[in-house]
Amino acid sequence: MSRIELIGISGKSLTSEQWPILRRCATIVTSRRYRPLVAELTTPLIDIAPVDAMLDKLHTALGQGDVAVLASGDPLFYGIGRTLIEQFGPERIRIHPALSAVQLACARFRTAWDDLSLISVHGRALGDIPGRLLNHRRVMLFTDSTNSPDRIASGLLAALQACDDQERIDSIRVRVAENLGLVEERLSQGSLSEIAGQRFSPLNMMLIEQTAAQPVQPGICLGLREDEIHHSRGLITKSEVRAATLHQLRLPPGGVLWDIGGGSGSVSLEAARLCPELSIYTIEKKTEEQTNIRANIRAFGAYTMHLICGEAPEALAELPTPDRIFIGGSGKRLPAILEAASARLASGGRIVVNAVLEQTQTIALAHLQQLGLRVACTTLAVTRRTFPDGEPCMFNPITLITGDK
């Protein structure tokens, strides 16, 4: 049975071990970048892209004999290797890896890479790029012509500026390695603004490092105390209610959460720490609370939180489709907010409304039902006491109302 010889390429030429393999193959799959390396051979060539068309041709070519597939670096590391194994099975493939782009880039930068976070945005939609990247002290990116280093740097800069986080902006250093192993190889480094002002080859690796102070309580993903969260005059969702609210939201690991009437952003903040790949849009109209939200984002490095300065429902129009919606404040506009929120909520999504006033509870229950959602509610009565001598402190009951689409 014929097989696939999957050959990793590193540098400007083929090795003495690779040539004999290529010469005995009936067909070679390669990118245009590597065609000059095999120009002296008369072997039929198949373009590696588009991948679906290549796979069809590869199936046919295997009927004529062994096929060599040329790939960059280590083809099992964000490469074509996974696809070929899934399509043809591991027993039909022999793999000859070369140095990966990560190894080459770190060698050029003279830096260790055993503690790097590795993320690929090459040919894929990463979604909330600033939120994903700023959670890592050191991260290496596989980029492409769309998610290029300058665009990524611009996005990070905009996200940090939106929260007035000059300390973190100053702490970030970016290095870019272009065209590794080729004649056109180039190394660059600079601040976010310096990298944002440059242009780069599509073939590059981007290293982002930051030395800003660690977020408060980095080891805790749920259970922040009220005194750890910036807020004004005690206006904050109490810890017990916050925990119950997050439970009722049944947060997905990824997707989008709207926090309408975010206040200090305490629910958003806990959600961001609990689900690092969840994109959170915190809508708040009050300037004082907007300042608190920015401070909390900075303090906890919670850059998957996005402050939307405005009032619902108008402020919701341009936001991405939500998988979950929390309504903690409505400013007497609850019916309009519920209508707009329900219309945008993804199929299978959930709305949670926290109601202190009986009028808010009545409106929420009636409107959610009228909008066709499955409705339920739970009422919490919280009493706190420190032992042995503390007096009981009772808080107003609060009703958590859920609506499932």
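See the structure printed just above.
Residues numbered from 1 in each chain as written. Predicted model: local features only at pLDDT ≥ 70, side-chain atom pairs only at ≥ 80, totals over all residues. Heavy atoms only, no water.

Asker: What is the right way to read the overall build of the protein from this model?
Answerer: Of the regular secondary structure elements, the protein holds 13 helices and 19 strands. Considering only C-alpha atoms, the protein reaches an extent of 85 × 45 × 45 Å along its principal axes. Within the span of the protein, comprising 405 residues, buried residues form 51% of the whole. Intrachain contacts of the protein at a sequence separation of at least 6 include 66% that bridge at least 24 residues. Of the roughly 19,500 Å² that the protein leaves accessible, carbon and sulfur atoms contribute 51%. (Helix = DSSP H or I, 4+ residues; strand = E, 2+ residues; numbered from the N terminus. Buried < 20%, exposed > 50% of the residue type's maximum accessible area, 1.4 Å probe, protein only. Contact = heavy atoms within 4.5 Å. Areas by Shrake-Rupley, 256 points an atom, 1.4 Å probe, with all protein chains shown as cover.)

Asker: Help me out: how do you make sense of the pairing of strand β2 (residues 27-30) in this one?
Answerer: Each regular strand shows side chains that alternate between the opposite faces of the sheet. Burial along β2 is two-sided: T27 and V29 and I28 and T30, pointing in opposite directions, are all buried. Across three bridges, the pairing between β2 and strand β4 (residues 67-72) is parallel. From the neighbouring strand, V29 faces β4, where its bridge partner is V69. The pairing of β2 with strand β3 (residues 45-47) spans three bridges and is classified as parallel. (Pairing = 2+ DSSP bridges.)

Asker: Looking at this model, I keep getting lost on the pattern of salt bridges. Mind explaining?
Answerer: It is possible for side chains of opposite charge to pair when their charged atoms get near one another. In this structure the tally under the stated criterion is 23 salt bridges. Taking the shortest distance from any N to any O, the salt bridge between R138 and E209 comes out at 2.9 Å. Separated by 71 residues along the polypeptide, R138 in strand β7 (residues 138-142) and E209 in strand β10 (residues 204-210) bring together distant segments of the chain. The pair formed by R138 and E209 is uniform in burial state, with each residue classed as buried. Within this structure, R3, E5, R24 and R94 form a network of salt bridges that share partners. (Salt bridge = Lys/Arg side-chain N within 4 Å of Asp/Glu carboxyl O.)

Asker: What am I meant to see in the packing of helix α9 (residues 239-249) against helix α10 (residues 266-274) here?
Answerer: Two measures define how a pair of helices packs: the angle their axes make with one another and the distance between the axes. Where α9 meets α10, the closest approach of the two axes is 10 Å, and the angle between their N-to-C directions is 60 degrees. Between α9 and α10, the interaxial angle falls into the category oblique. Considering only the axes of α9 and α10, their crossing is right-handed. Every residue of α10 that contacts α9 at R242, T245, L246 and L249 is listed here: S266, V267, E270 and A271. Looking at the contact of α9 with α10, its residues break down into four nonpolar, two polar and two charged. (Axes fitted to C-alpha atoms, helices over the stretch in contact; angles between N-to-C directions. Parallel < 35°, antiparallel > 145°, perpendicular 65-115°, else oblique. Left-handed = near helix turned anticlockwise from the far one by under 90°. Nonpolar A, V, L, I, M, F, W, Y, C, P; charged D, E, K, R; others polar.)

Asker: Just to check I follow, could you spell out the packing of aromatic side chains for this structure?
Answerer: To describe a pair of aromatic rings, one takes the distance between the centres and the angle between the planes. Going through the model one piece at a time under the given rule, you end up with three aromatic pairs. Aromatic side chains F77 and F142 sit 5.6 Å apart centroid to centroid with 55 degrees between the ring planes, which places their arrangement in the tilted category. Of the two residues, F77 is situated in the loop between β4 and α3 (81-88) and F142 in strand β7; the sequence distance between them amounts to 65 residues. Overall, the relative accessible area of 27% leaves F77 in the partly exposed class. Here a set of aromatic residues connected by ring pairs shows up, and it is made of F77, Y78 and F142. (Phe/Tyr/Trp six-rings, centres within 6.5 Å; stacked < 30°, edge-to-face > 60°.)

Asker: Is there a simple way to think about the sheet that holds β7 in this case?
Answerer: What links the strands of a sheet is backbone hydrogen bonding, and the strands pair in either a parallel or an antiparallel sense. Spatial ordering of the open sheet is given by β6-β7-β10-β8-β9, a layout of five strands whose pairing is mixed. The sheet is open, and its two edges are formed by β6 (117-120) and β9 (186-190), each paired on a single side. Ignoring strand direction, the axes of neighbouring strands in this sheet form an average angle of 15 degrees. In this structure, β7 lies alongside β10, joined through five bridges in antiparallel fashion. Each bridged residue has a counterpart across the sheet, and for M140 the counterpart in β10 is L207. Contacts from helix α6 (residues 149-162) reach β7, β8 (172-178) and β10, with the element oriented near 25 degrees to β10.

Asker: What exactly am I supposed to notice about the environment of P202 here?
Answerer: Here P202 shows up in the loop between α8 (192-196) and β10. Take P202: its relative accessible area is 46%, and that puts it in the partly exposed class. Distance in space between the C-alpha atoms of P202 and T146 is 8.5 Å, their sequence separation being 56 residues. Excluding residues that lie within four positions of it along the chain, P202 makes contacts with T143, D144 and S145.

Asker: I tried to follow the packing of helix α12 (residues 334-344) against helix α13 (residues 358-370) on my own but got confused; where do I start?
Answerer: Taken N-terminus to C-terminus, the directions of α12 and α13 make an angle of 30 degrees; their axes are 10 Å apart at the nearest point. Where α12 crosses over α13, the handedness of that crossing is right-handed. In contact with L334, P335 and L338 of α12, α13 contributes T360, I363, A364, H367 and L368. Partitioned by chemical class, the residues of the contact of α12 with α13 number six nonpolar, two polar and no charged.

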